[in-house]
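Descriptive structure summary
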Amino acid sequence: MKQLIVLMGVLPILLVFLSQYTLDQKNNDNISRLQECVYQAKEQAKQKGCFTAEIKEEMINKIGNYFDISEEEMEIILEEIPQYRTSVFDDRELIYYKVSVPIKKIMAGNRFFGITDEENSGMYTIESWTASELLRE
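Residues numbered from 1 in each chain as written. Predicted model: local features only at pLDDT ≥ 70, side-chain atom pairs only at ≥ 80, totals over all residues. Heavy atoms only, no water.

Counting its secondary structure elements, the chain contains 2 helices and 3 strands. The helix and strand sequence of the chain, counted from the amino end, reads α-α-β-β-β. Its C-alpha atoms give the chain a radius of gyration of 21 Å, clearly above 14 Å, the size a compact globule of 137 residues would have. Structurally, the chain occupies a C-alpha span of about 85 × 30 × 20 Å along its principal axes. Here the chain, with 137 residues, has 31% of them falling under the buried criterion. Put simply, of all contacts in the chain between residues at least 6 apart along the chain, 66% involve residues at least 24 apart. Here the chain has roughly 9300 Å² of accessible surface; of this, 55% comes from carbon and sulfur atoms. The distance from the centre of the 15 positive side-chain charges to the centre of the 23 negative ones in the chain is 5 Å. (Helix = DSSP H or I, 4+ residues; strand = E, 2+ residues; numbered from the N terminus. Rg over C-alpha atoms; globule rule 2.2 N^0.38 Å. Buried < 20%, exposed > 50% of the residue type's maximum accessible area, 1.4 Å probe, protein only. Contact = heavy atoms within 4.5 Å. Areas by Shrake-Rupley, 256 points an atom, 1.4 Å probe, with all protein chains shown as cover. Lys, Arg positive; Asp, Glu negative; His and termini not counted. Charge placed at Lys NZ, Arg CZ, Asp CG, Glu CD.)

Looking at the element boundaries, Leu15 is found in helix H1 (residues 2-48). Judged by its relative accessible area of 47%, Leu15 is partly exposed.

Here we come to the pairing of strand E2 (residues 94-103). Taking burial as the measure, the 10 residues of E2 include 9 buried ones, the bulk of the element. Examined bridge by bridge, strand E1 (residues 75-78) and E2 share 4 bridges and lie antiparallel to one another. Pairing of Ile76 across the sheet is with Val99, part of E2. The sheet contact formed by E2 and strand E3 (residues 122-131) spans 10 bridges and is antiparallel. Considered in E3, the bridge of Ile95 is made with Thr130. (Pairing = 2+ DSSP bridges.)

Spelled out as structure tokens, the structure:
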């Protein structure tokens, strides 16, 4: 009987660890999809010299579908002024981008450990620069 009582006390804790593994896999898959979307948009922007409205809209739609979020929940800062490639490296040819999306559930069983839903969320951000490949005509 004593062992059954101990098992009933330990089992919920062990189940939290099992569900955390599943949640980590889901979050990693979402992050990989986000990185793929941003990478594709960045490669298109390199060719065009900036993030055009079409590139931005396509990226927002893909991210929105993958994460089931609206554009208002995303934080997106993109270079929309064309940058041109120069014969030598120059900071003026760099295209800046920053994309952040909310990760709504980081830890499984958060309430079991006394963590609120607001504390159990965060933003995943991809921020970088890329060199333009657009030649000045």
